Amino acid sequence: MADWDYGLEMKFCRLGEAVSIEGGARIEGYASLFGVTDQGGDVVMAGAYRRSLDRLRGEGRQVKMLWQHDPAQPIGVWDEIREDGKGLWVRGRILADVEKGREAAALIAAGAIDGLSIGYRTITAEKDAKGQRLLREVELWEVSLVTFPMLPQARIGAKADAALARDLRELAAALADARRRMAGH
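Since the structure is predicted, the reported quantities are computational estimates derived from the model, not experimental observations. (Residues numbered from 1 in each chain as written. Predicted model: local features only at pLDDT ≥ 70, side-chain atom pairs only at ≥ 80, totals over all residues. Heavy atoms only, no water.)

Draft legend 1. Looking closely at the pattern of salt bridges. Scanning all chains against the criterion turns up eleven salt bridges. The closest approach of N and O atoms between Glu-103 and Lys-100, which form a salt bridge, is 3.2 Å. With Glu-103 and Lys-100 both in helix α2 (residues 99-110) and three residues apart, the pair spans about one turn of that helix. For Glu-126, the salt bridge is made with Arg-136, and the minimal N-O distance between the two is 3.0 Å. Taken as a pair, Glu-126 in strand β8 (residues 115-127) and Arg-136 in strand β9 (residues 133-146) lie far apart in primary sequence, ten residues in all. Each of Glu-28, Glu-80, Arg-82, Asp-84 and Arg-91 takes part in salt bridges that share partners, so that together they form one network. (Salt bridge = Lys/Arg side-chain N within 4 Å of Asp/Glu carboxyl O. Helix = DSSP H or I, 4+ residues; strand = E, 2+ residues; numbered from the N terminus.)

Right under this line is the structure:
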């Protein structure tokens, strides 16, 4: 396990049809879908996040937006997280002032990254007749942008506009060039 492993379970979901990037830094979509078996054989049940989200709101805290589940790499903020009839819907901002945030925005715009993943602790679960774990209540800690999602049913629907994608590629190239020059290459 990595040094930063904080004992959380992870669930992955591809950025879905409803996921879009607006203004280069805003993303929204489903981080988890209810009633869908993931590749690990788990099914998140409707209402599984309710108590956790209520508790966080009551304490004035937020679910973190991380890069690849690394707590040392926050890349933005989730402005809204809620359950609806379909799953756990999130809306947030990738921060352009953070290096990994700029990289994440460029990778999403290019189609290289298309996944969301939740980091959580299981509070209540049971096995069904098929051996699937039904997650009835979880404590949500973070939602990460990831490379390999576990729930392939949702796909990216919209990307940043072409001009923004071009600008992000140019910015990435300029940063790479500056790194090479600073390293003396």
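Continuing now.
Draft legend 2. Highlighting the pairing of strand β6 (residues 70-83). With four bridges joining them, strand β5 (residues 64-67) and β6 adopt antiparallel strand pairing. In the strand pairing of β6, Lys-64 is matched with Val-77. (Pairing = 2+ DSSP bridges.)

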